[in-house]
Amino acid sequence: MTIADDAALQLVISLRRLTRSLSRAAAGGIQPTQLAVLAMLTQRGPSRIGEIAAWVPCSQPTATAAVLGLETAGLIRREPDPTDGRASRVLATERGATALADVARGEAEVLAKRLVSLRPDEIRRLTEIEPLLRRLAEAGD
């Protein structure tokens, strides 16, 4: 393993620990897979279950269960697929987009409370790398 590989591994571990702990603190009753599905639909628009399963990634039964839970909560809705009358697509409702934004705000509040444990120069360094993290996140899309 190279130094870059080791650094990437440590960064992944730290980012996952941070995001899991923020999600647990602010999820608002939405399960992690449901959050991933809702985020995908908000970003990418209407999608079929197979597309959701491939993007999240999860199995098709897991995607179906997540969709059913979100649909029951009124956070997504189904519509006919315009390219295949036998199929349907799901899309985020306005309530779903609001719920996703509420979760993100809740996570930001938790993170803000944790940031006070850092020195001002450490907070500045974190804010400076945010654009780089965003670019890395978007590079895979």
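For the structure, check the block above.
Below is a summary of the structure that appears in this document.

Rules and cut-offs
Residues numbered from 1 in each chain as written. Predicted model: local features only at pLDDT ≥ 70, side-chain atom pairs only at ≥ 80, totals over all residues. Heavy atoms only, no water. Pairing = 2+ DSSP bridges. Helix = DSSP H or I, 4+ residues; strand = E, 2+ residues; numbered from the N terminus. Patch = residues over 30% accessible without salt bridge, like charges linked within 9 Å, V, L, I, M, F, W, Y side chains within 5 Å. Areas by Shrake-Rupley, 256 points an atom, 1.4 Å probe, with all protein chains shown as cover. Salt bridge = Lys/Arg side-chain N within 4 Å of Asp/Glu carboxyl O. Buried < 20%, exposed > 50% of the residue type's maximum accessible area, 1.4 Å probe, protein only.

Regarding the pairing of strand β2 (residues 84-92)
Part 1 of the reasoning: For strand β1 (residues 76-81) and β2, the ladder comprises six bridges, and the chain directions are antiparallel. Paired with Asp81 across the strands is Asp84, a residue of β2.

A look at a nonpolar patch on the surface
Part 1 of the reasoning: Where nonpolar side chains cluster on the molecular surface, the patch consists of Leu11, Leu15, Leu126, Ile129, Leu132, Leu133 and Leu136 and spans about 580 Å² of accessible area.
Part 2 of the reasoning: Elements with a contribution of two residues or more to the nonpolar patch: α1 (3-26) and α6 (120-139).
Part 3 of the reasoning: For the nonpolar patch, the element with the most residues is α6, which contributes five residues.
Part 4 of the reasoning: Along the chain, the position of Leu126 falls in helix α6.
Part 5 of the reasoning: Given a relative accessible area of 40%, Leu126 falls into the partly exposed group.

Overview of the pattern of salt bridges
Pairing between side chains of opposite charge can happen when their charged atoms approach one another.
Part 1 of the reasoning: Evaluated as defined, the whole model comprises 10 salt bridges.
Part 2 of the reasoning: The salt bridge partner of Arg89 is Glu79, with a shortest N-O separation of 2.4 Å. Of the two residues, Arg89 sits in strand β2 while Glu79 sits in strand β1, which places them 10 residues apart along the sequence.
Part 3 of the reasoning: Glu79 gets classed as buried once you look at its relative accessible area, which sits at 18%.
Part 4 of the reasoning: A salt bridge links Asp102 to Arg105; the nearest nitrogen and oxygen atoms lie 2.4 Å apart. Note that Asp102 and Arg105 are positioned in helix α5 (residues 94-115) at a spacing of three residues, about one turn of the helix.
Part 5 of the reasoning: By relative accessible area, Asp102 is classed as partly exposed at 40%.

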